[in-house]
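Structural overview
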Amino acid sequence: MKYEVITKEDLPPFVNGLLSEIEVVGVKRKDGKFYFDRIESYDELCLDYDVTLIPPKKYLLPPNETLLKFSLGEAIQVEPFIDAAPRIILGVHPYDIKAIELMDAVFSDSNPDANYMERRRNTVIVGVDCRNPSPNAFCPSMGTATTETGFDLMLTDIGEQYVVAIGSEKGEELLKKHARTRQATEADLAQRKAVREEALAKYKLSIKAAVEEIPELLERNYDHPLWEELAAKCLSCGSCTMVCPTCVCFDVQDDVELNLTGGWRFRQWDSCMLQGFAKVATGENFREDRTSRLRHRYFRKGNYMLKRYGKLGCVGCGRCIGACLAEIASPVEAYNRLKEGS
Amino acid sequence: MREKESIYLPKLAELVRTEGLTERERLFELKLRNGDELGHQPGQFVELSIFGVGEAPLSISSSPTKKGSFEVGVRAVGNVTNALHRLEKGATVGIRGPFGNGFPLDRLKGQDVLIVAGGIGLVPLRSLVNYIEDNRQDFGRVLLLFGCRTLQEQLFVGELDHWRASKDFEYYESVDRCEDPSWKGQVGVITTLFPQFTIAPEKTYAVIVGPPVMYRFVIAECKNKGIPDDQILLSLERRMKCGVGKCGHCQINNVYVCQEGPVFTYSELKNLEEAI
Amino acid sequence: MKEININVHHVTRVEGHGNIVLNAKNGNIEELRWEVVESPRFFEAMLRGRRYDDVIIIAPRICGICSLAHSTCSIQACENAFGIVPSEQTLLLRKLLYDAETLQSHVLHYYFLTAPDLLGVGSVFPLVETHKDVVLMALRLKKLANDLADIVCGRKTHPIQPMVDGFAKLPKPEELRAIQKRLKDAMNDHQATVELFKTLKIPQFERETEFIALKDPTEYAFISGDISSTDTGTTPVANYLEMTNEFCVPHSTAKYAKHNRESYAVGALARFNNNHEQLSPRAKEAAEELGLKAICHNPYMNNVAQLVEAIYVTEHAIDLIDQLLARGLKEEKPDIQVKAGRGIGAVEAPRGILFHDYTFDERGILKEANCVIPTNQNHNSIQKDFEALVPQILNKPENEIKLLLEMLVRAYDPCISCSAHMIKVEFR
Amino acid sequence: MKPRLAFFDFTGCEGCQLEVLNFEQELLDIISAADIVNFREAMTERSDDYDIAFIDGAITTERDVARIKEIRERAKILVAIGACACIGGINCLKNFYPMEEVLRIVYGESAHYYDTIPARPVDAVVPVDYYVQGCPMTQSEFVKVVKALLTGKKPEIPNYPVCVECKMAGNICVFEKGETCVGPVTRAGCNALCVTNGRTCWGCRGLVDDPNTDSEKEILAKYNLTPEEIIAKFRMFLGYSEVAK
Ligand SMILES: Cc1cc2nc3c(=O)[nH]c(=O)nc-3n(C[C@H](O)[C@H](O)[C@H](O)COP(=O)(O)OP(=O)(O)OC[C@H]3O[C@@H](n4cnc5c(N)ncnc54)[C@H](O)[C@@H]3O)c2cc1C
Ligand code: SF4
Ligand code: SF4
Ligand code: SF4
């Protein structure tokens with residue numbers, strides 16, 4: 001991999017240069033929390049944050065997305081609808097990049113999803129290493145505290161300057177075009193390593209089992225009383241899944257114009273934690289009780305995704321831990337309970 | 001890799017014929033507007049759109065040996081299915097698919113086949129029965145077992161008469177309850193038919209489609225007869241939205257019904273906690 | 001001689017349920033009543049025991065049409081009780097939302113509820129065919145008012161954002177700029193409405209009476225000032241009970257009120273009669289063009305006064321937005337020190353002066369509430385108008401009498417659910 | 001034949017009928033696709049011949065009971081609009097005072113004249129086909145129901161809590177600000193409007209099916225609400241449901 005260095009003074013012109021060319025989405029601050037939003041200038045941007053409310057998945061799989069448009073009446077016509085305007089997502093943390101890699105796997109698998117793929121192709125990802133992790137994060141346990149793949153550019157704050165890892169030709173091009181940089185030296189890279197290690201020490205949560213152990217740990221405990229215990233408190237509110245960067249399930253519905261001349265088909269985020277997720281028209285609900293839904297979520301994260309896509313379905317961002325009012329959605333606690341109990 | 005087109009874009013199809021089967025079920029014959037064959041295997045399904053209402057997965061009920069059009073048999077239970085029942089000849093619907101794996105014809109060929117249909121399960125199985133009939137020489141003994149709750153719920157009555165009389169099949173049927181004195185057949189659940197025949201289990205494949213409650217009992221009977229687990233085939237129903245392995249609704253543990261299924265062997269399913 | 005039996009069960013195109021009863025024989029009026037038959041809702045009981053921040057959410061549900069007025073009044077009563085003086089930004093925003101309230105309600109009233117009478121149809125719906133441009137204009141004006149309310153309140157009915165001592169969310173400057181442009185454009189629609197009103201025949205009828213409204217020396221009052229009477233001059237809001245003197249009548253689930261005379265009127269016409277000098281030049285111009293002159297004693301002219309006020313609040317909102325943009329909008333955290341005590345809020349709801357009077361305990365829990373609703377104050381006036389009007393029109397055909405009586409009720413823009421909601425429950 | 005729509009108001013603030021009049025283009029579309037034959041707040045004509053009845057307001061008098069039964073008889077489809085009609089709403093606050101005592105105190109001798117019974121939602125008296133929840137009713141859901149009626153489709157009304165839409169909207173959860181919320185047990189469909197606009201969810205859209213109210217109560221207690229405050233919170237709009245008892 002190639003590495004460049006950009007000084008902190010040179011960063012604003014770089015970002016503003018990008019802004020002149022293409023839509024840029026970055027992290028903004030709101031009441032002490034952070035969220036991804038479209039930025040108009042460098043000043044709005046925040047590069048040192050712990051975690052965002054909603055992961056950047058909202059730009060790749062929007063909460064609500066039109067898939068088709070159709071006309072009704074005598075001669076029905078249908079056409080696909082894909083909104084894939086080019087965009088840079090700036091300041092993505094490594095765990096979220098890992099989550100995007102998982103989304104890539106899901107949406108490119110066997111029947112590639114044109115809406116996602118088209119958008120993904122038009123999205124440039126500029127990562128930033130996380131120096132001050134959220135108290136709920138456990139990325140080191142999941143091996144997602146840093147990443148060497150999945151980005152076009154990756155920034156690491158080493159004090160007065162950023163080391164920029166170049167992950168793609170596209171990234172390199174943008175950097176060349178809009179930024180004044182120099183080649184990174186051995187010393188820069190050593191400092192980058194040190195910064196990354198320093199951050200590692202700041203994580204508060206860790207899973208007592210090795211990552212490789214998790215799938216099997218779950219499998220052995222399919223009928224563990226823990227699931228029922230947690231489910232008794234579960235609100236089936238879906239918060240844990242809405243904020244999760246690896247949850248990608250969706251519902252599809254049709255809507256029509258009031259004058260019935262046409263309509264559109266759209267998809268929107270759905271969640272396996274919600275009561276009706278597996279319910280069919282005849283009334284049968286294949287995951288009727290909270291326990292089976294809650295267990296399914298844990299298994300999907302810690303086992304099923306791996307079996308299907310070769311990657312675990314949790315990147316350790318800890319968003320679910322913060323989002324769950326009932327305090328039962330924490331993978332760390334669940335895995336540790338199982339580990340202790342076995 | 002660049003996808004050719006949206007996997008969510010249906011092809012337009014014309015409703016060329018509809019026929020009432022029972023009070024709740026109708027048969028719909030469809031033709032793709034662009035003239036293409038659907039190109040399906042028995043046991044596969046399509047996602048059928050009624051624009052403005054929605055999309056629903058439906059098994060293809062006709063055999064691929066029937067060219068030019070295909071059929072679905074549908075029970076009116078919700079939005080799409082009810083809207084479909086209201087459509088008239090000439091109407092336009094959308095079709096995506098065929099999806100799913102279908103019945104493993106390669107494995108069935110040369111073997112004895114025990115077909116067990118409960119109620120509306122006959123809809124997908126009809127596609128297999130018709131296929132077998134058109135390629136009768138490829139298969140060994142073929143036993144047909146049909147069960148439904150009442151006589152009024154019997155589907156494809158004309159075809160049942162034909163199969164009943166046909167030399168190609170060994171035919172057994174039952175109804176759960178019956179007040180009609182003219183009914184001379186079996187009264188009782190479908191499992192009561194099993195004592196009536198013997199099979200060579202090692203070369204018999206059981207193909208079972210019916211309501212979820214039926215599976216456990218019929219599987220027990222098949223095992224009783226000595227059919228190996230991986231020769232017991234079942235088609236499962238789950239909620240589906242996309243049909244192409246993305247939306248997550250049809251998941252049974254780590255398995256997607258729309259991708260690995262809807263047809264599974266019992267040996268695949270017995271380790272899936274949520275399956276049956 | 002003829003016999004007249006009019007019994008209008010649930011007058012239509014008014015908010016809430018009211019009946020008109022008129023029986024006359026040989027020119028003698030035997031029975032003539034304006035009845036309010038809304039189901040009582042016991043709001044004062046409902047508010048009891050609720051914390052102030054719930055009170056301001058429950059109180060607007062007294063009435064969907066003037067929910068912004070009740071919200072503002074309720075918030076003022078809380079602030080008054082806790083000794084809170086809201087910031088200038090909060091006041092400006094409150095006035096802006098109030099302009100939206102007035103515009104929204106007035107446009108709805110004269111286009112949807114009154115205009116059909118004057119155009120000889122039963123509702124606005126057939127006008128879609130016959131007067132498409134008028135309907136589109138009405139919809140456009142209403143949408144404008146609704147959108148303005150949306151921006152400031154988070155919703156057009158039952159506001160979300162207004163709070164005690166502030167706003168939970170501030171409008172964005174770009175939203176304000178966009179709506180300001182639309183407000184400016186709306187002046188054309190207002191002018192067209194004036195032209196339309198000129199062609200309508202408003203019934204001629206006068207009965208001298210007293211008009212009561214808020215009055216503020218600095219501007220045409222909606223949410224500030226003292227109580228002013230065309231008979232007796234001004235008095236502080238704290239003395240509102242002396243002005244309103246509510247009393248019960250047997251045929252009504254709402255209360256009636258009187259002050260200096262046997263009845264008094266509140267609403268747009270009362271405000272105009274008290275404060276017309278403070279109107280903007282364009283509003284004054286419109287009044288003149290439409291023949292509205294203070295002090296006007298024709299209750300049917302209330303609709304004209306509403307149109308004049310609609311013009312005024314549109315200009316006022318344009319001006320407020322200029323001020324807000326010039327100051328810049330800043331997040332302000334409400335600063336609320338709850339304490340025991342009584343507080344009174346007074347605002348001009350679109351249909352007249354409105355009071356909320358709360359007593360809280362030291363935890364900010366409401367002990368007692370009294371709300372005096374504009375329509376309550378007008379009920380008596382409607383009755384007296386009936387009594388003056390009917391003898392003058394008794395020789396007309398029954399249909400026409402009926403229509404004139406209904407139109408009179410509608411002219412007052414009564415908000416009957418409001419008035420019936422305020423049946424006072426006293427607990428021992 | 002165009003479907004014939006009728007609107008009827010019971011005890012409420014009439015904000016829901018107002019929300020119907022507050023439609024703009026939609027109102028024109030509705031009146032071109034259907035005939036409105038009854039709408040007291042907006043029109044003089046009345047007809048007893050209608051297909052679809054929209055009901056707003058709660059049932060609070062014996063007269064209401066008789067009237068709603070009559071409407072149910074005539075209507076092919078009955079739609080409850082707004083919190084008062086769907087769940088009883090604010091009106092049910094009065095149910096927590098002994099009715100006879102209230103009447104006696106207020107009206108003394110003439111108490112018999114006033115007819116009032118504990119407030120209840122429409123479906124406590126007659127079957128309801130569809131619900132448009134919210135206080136005021138959620139306009140987009142009204143449109144959804146109208147479209148569904150026009151296309152013969154059952155409207156897809158969310159059966160999941162407000163939290164889902166609140167998260168989609170990217171809000172900071174109000175619990176994180178130290179405040180409390182009944183969004184976790186309240187039916188979504190409003191796009192978490194109140195939280196998005198800086199406040200909290202008060203539950204005006206009613207409970208989801210199978211809400212975990214025990215867990216919600218535990219959470220509210222964890223955030224320092226007293227049992228009385230918890231009950232008060234549920235009584236605001238959900239006074240008719242078990243959870244507020
Ligand atoms: C592989 C497969 C084959 C099927 N074949 C047939 C058939 O041949 N004939 C037949 O009558 N029925 C069949 N079904 C069931 C049929 O799909 C449902 O009855 C239908 O989806 C109900 O849709 P609706 O819009 O009428 O109901 P609604 O209750 O309005 O359902 C809304 C949506 O939920 C989903 N959904 C609801 N129920 C089911 C369900 N049972 N299975 C999958 N998705 C569901 C669909 O996306 C549906 O559009 C099959 C189901 C599957 C999974
Ligand atoms: S399961 Fe929780 S910790 Fe894991 S990726 Fe999802 S939100 Fe983050
Ligand atoms: S685990 Fe927590 S966040 Fe997830 S659905 Fe249950 S209560 Fe909601
Ligand atoms: S604010 Fe309320 S609705 Fe939103 S996530 Fe939190 S609890 Fe749920």
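Residues numbered from 1 in each chain as written. Chains lettered and ligands numbered in written order. Predicted model: local features only at pLDDT ≥ 70, side-chain atom pairs only at ≥ 80, totals over all residues. Heavy atoms only, no water.

A few points about the packing of aromatic side chains
Going by this rule: Here is the rule: rings of Phe, Tyr and Trp (six-membered ring for Trp) pair when centre to centre is within 6.5 Å. Planes less than 30 degrees apart are stacked, more than 60 are edge-to-face, and the remainder are tilted. What counts as a helix is a DSSP run of H or I of at least four residues, what counts as a strand is a run of E of at least two, and both are numbered from the N terminus. Any residue under 20% of the maximum accessible area for its type is buried, any over 50% is exposed, and the rest in between are partly exposed; the area is computed with a 1.4 Å probe on protein chains only.
One pass over the structure, following the stated rule, counts 29 aromatic pairs over all chains. Ring centres 5.5 Å apart and planes at 70° place the aromatic pair phenylalanine 146 of chain B and tyrosine 171 of chain B in the edge-to-face group. Taken as a pair, phenylalanine 146 of chain B in strand β8 (residues 142-148) and tyrosine 171 of chain B in strand β9 (residues 170-175) lie far apart in primary sequence, 25 residues in all. We note that phenylalanine 146 of chain B, like tyrosine 171 of chain B, is buried. When the centroid spacing of 5.9 Å and the interplanar angle of 80° are considered together, the rings of tyrosine 358 of chain C and phenylalanine 360 of chain C count as edge-to-face. Across this residue pair, the class does not change: tyrosine 358 of chain C and phenylalanine 360 of chain C are buried.

A short note on helix α12 (residues 374-393) of chain C
Short version of the rule: Expected helix span is computed as 1.5 Å times (number of residues minus one).
Its 20 residues give α12 of chain C an end-to-end C-alpha distance of 28 Å, which sits within 8% of 28 Å, the value for a rise of 1.5 Å per residue. Counted residue by residue, α12 of chain C has 16 buried out of 20 residues, so it is predominantly covered.

Concerning the site of ligand 4
To keep things clear, this is the line we draw: Nearness of a residue to a molecule or strand requires only that one of the residue's heavy atoms be within 4 Å of it. Residue classes follow a fixed rule: Ala, Val, Leu, Ile, Met, Phe, Trp, Tyr, Cys and Pro count as nonpolar, while Asp, Glu, Lys and Arg count as charged, and any other residue, Gly among them, counts as polar.
Neighbouring ligand 4 are the residues Leu325 of chain A together with Val162, Cys163, Cys166, Lys167, Cys173, Val174, Phe175, Cys181, Gly183, Pro184 and Val195 of chain D. Around ligand 4 the close residues trace back to chains A and D. Examining the composition of the shell around ligand 4, we find that four residues originate from one element, helix α7 (residues 162-168) of chain D, more than from any other. The residue inventory of the shell around ligand 4, partitioned by class, reads ten nonpolar, one polar and one charged.

Observations concerning the domain arrangement of chain A
Residue and element names in this part refer to chain A. Test applied: Per the annotation, domain bounds derive from an automatic or database assignment of domains. Any two residues whose heavy atoms approach within 4.5 Å are treated as being in contact. Think of a salt bridge as a Lys or Arg side-chain nitrogen and an Asp or Glu carboxyl oxygen that are within 4 Å of each other. Polar contact is defined as a pair of N or O atoms within 3.5 Å, subject to the rule that within protein one atom must be able to donate a hydrogen and the other to accept it, and that residues adjacent in sequence are counted only when both atoms are side-chain atoms.
Partitioning chain A into structural domains gives domain 1 (2-200) and domain 2 (211-341). Look at where the C-alpha atoms of domain 1 and domain 2 centre, and you get two points 25 Å apart. The interface is formed by 43 residues belonging to domain 1 together with 40 residues belonging to domain 2. For the pair domain 1 and domain 2, the number of links is three salt bridges. Summed over the shared surface of domain 1 and domain 2, the result is 16 residue pairs in polar contact (both at pLDDT 80 or more).

Let's talk about the packing of helix α4 (residues 88-118) of chain C against helix α11 (residues 302-327) of chain C
In a pair of packed helices, the angle between the axes and the distance between the axes together describe the arrangement. Residues and elements named next belong to chain C. Selection rule: Angles shown run from 0 to 180 degrees and are taken between the N-to-C directions of axes, each axis being a line fitted to C-alpha atoms and, for helices, limited to the stretch in contact. Every angle not falling under 35 degrees, over 145, or within 65 to 115 is termed oblique; those three ranges are roughly parallel, roughly antiparallel and roughly perpendicular. Crossing handedness: left-handed means the near helix sits turned counterclockwise from the far one by under a right angle, and right-handed means the same turn made clockwise.
As a packed pair, α4 and α11 sit with axes 8 Å apart at the nearest point and diverge in direction by 150°. Judged by the angle between their axes, α4 and α11 are roughly antiparallel. The crossing of α4 and α11 is left-handed. Here the residues of the contact of α4 with α11 sort into twelve nonpolar, ten polar and five charged.

Some details on the arrangement of the chains
Of all four pairs of chains in contact, the one with the most contacts involves chains C and D. Taking C-alpha atoms only, the smallest gap left between chain B and chain C, which are not in contact, amounts to 28 Å.

A few points about the confidence of the model for chain D
Our working rule: The quantity known as pLDDT measures the predictor's confidence residue by residue, on a range of 0 to 100.
Taken over all residues, the pLDDT of chain D has a mean of 89, while the share at 70 or more is 91%. For this predicted complex, the interface confidence score (ipTM) comes to 0.91, while the overall pTM stands at 0.92.

Section: the environment of isoleucine 75 of chain C
All names here are of chain C. By the element assignment, isoleucine 75 lies in helix α3 (residues 67-82). For isoleucine 75, a relative accessible area of 1% puts it in the buried group. Measuring from C-alpha to C-alpha, the distance between isoleucine 75 and leucine 32 comes to 39 Å, with 43 residues separating the pair along the chain. Not counting residues within four places of it along the chain, the set of residues in contact with isoleucine 75 comprises Ile56, Arg94, Pro162, Met163 and Val164.

Points about the sheet that holds strand β6 (residues 210-215) of chain C
All names here are of chain C. What counts is decided by this rule: A strand pair is defined by DSSP finding two or more bridges across the two strands.
Within the open sheet, the four strands sit side by side as β8-β7-β6-β11. Their pairing is mixed. Where the open sheet ends on each side, the last strands, each with one partner, are β8 (233-235) and β11 (264-265). By the bridge criterion, three bridges tie strand β7 (residues 226-229) to β8 in an arrangement that is antiparallel. If you follow isoleucine 227 over to β8, its bridge partner there is threonine 235. Together, β6, β7 and β11 form the strand contacts of helix α9 (residues 268-275), whose direction differs from that of β6 by roughly 75°.

Overview of unusual backbone geometry
The residue after alanine 294 of chain C, namely isoleucine 295 of chain C, is reached through a cis peptide bond having omega -10°. One can find isoleucine 295 of chain C in the loop between α10 (281-289) and α11. Here cysteine 135 of chain D and proline 136 of chain D are connected by a cis peptide whose omega angle stands at 0°. Positionally, proline 136 of chain D belongs in the loop between β5 (130-132) and α6 (139-151). In this structure, asparagine 191 of chain D is a non-glycine residue whose phi angle is positive, near 55°. Along the chain, asparagine 191 of chain D turns up in the loop between α7 and α8 (193-196). The exposure class of asparagine 191 of chain D is exposed, given its relative accessible area of 54%. Its identity as a non-glycine residue notwithstanding, aspartate 210 of chain D has a phi of 55°, on the positive side.

Quick look at the nonpolar core
Formally: The nonpolar core is taken to be a set of buried Ala, Val, Leu, Ile, Met, Phe, Trp, Tyr and Cys residues, with the residues joined through side-chain atoms within 4.5 Å.
Counting 243 residues, the largest nonpolar core has Tyr111, Phe112, Leu292 and Tyr358 of chain C together with Phe54 and Phe142 of chain D as the members making the most contacts within it. Other than its neighbours up to four places away in sequence, phenylalanine 142 of chain D contacts Phe7, Val20, Phe23, Ile30, Phe54, Ile81, Val132 and Met137 of chain D.

A word on the pairing of strand β4 (residues 64-71) of chain A
Residues and elements named next belong to chain A. Pairing between β4 and strand β12 (residues 262-269): seven bridges, direction antiparallel. Considered in β12, the bridge of glutamate 65 is made with arginine 267. Two elements, β4 and strand β5 (residues 77-80), share four bridges in a ladder whose sense is antiparallel. By the bridge assignment for β5, phenylalanine 70 is matched with valine 78. Between the antiparallel neighbours β4 and β5 lie five residues, among them glycine 73 with a positive phi of about 100°.

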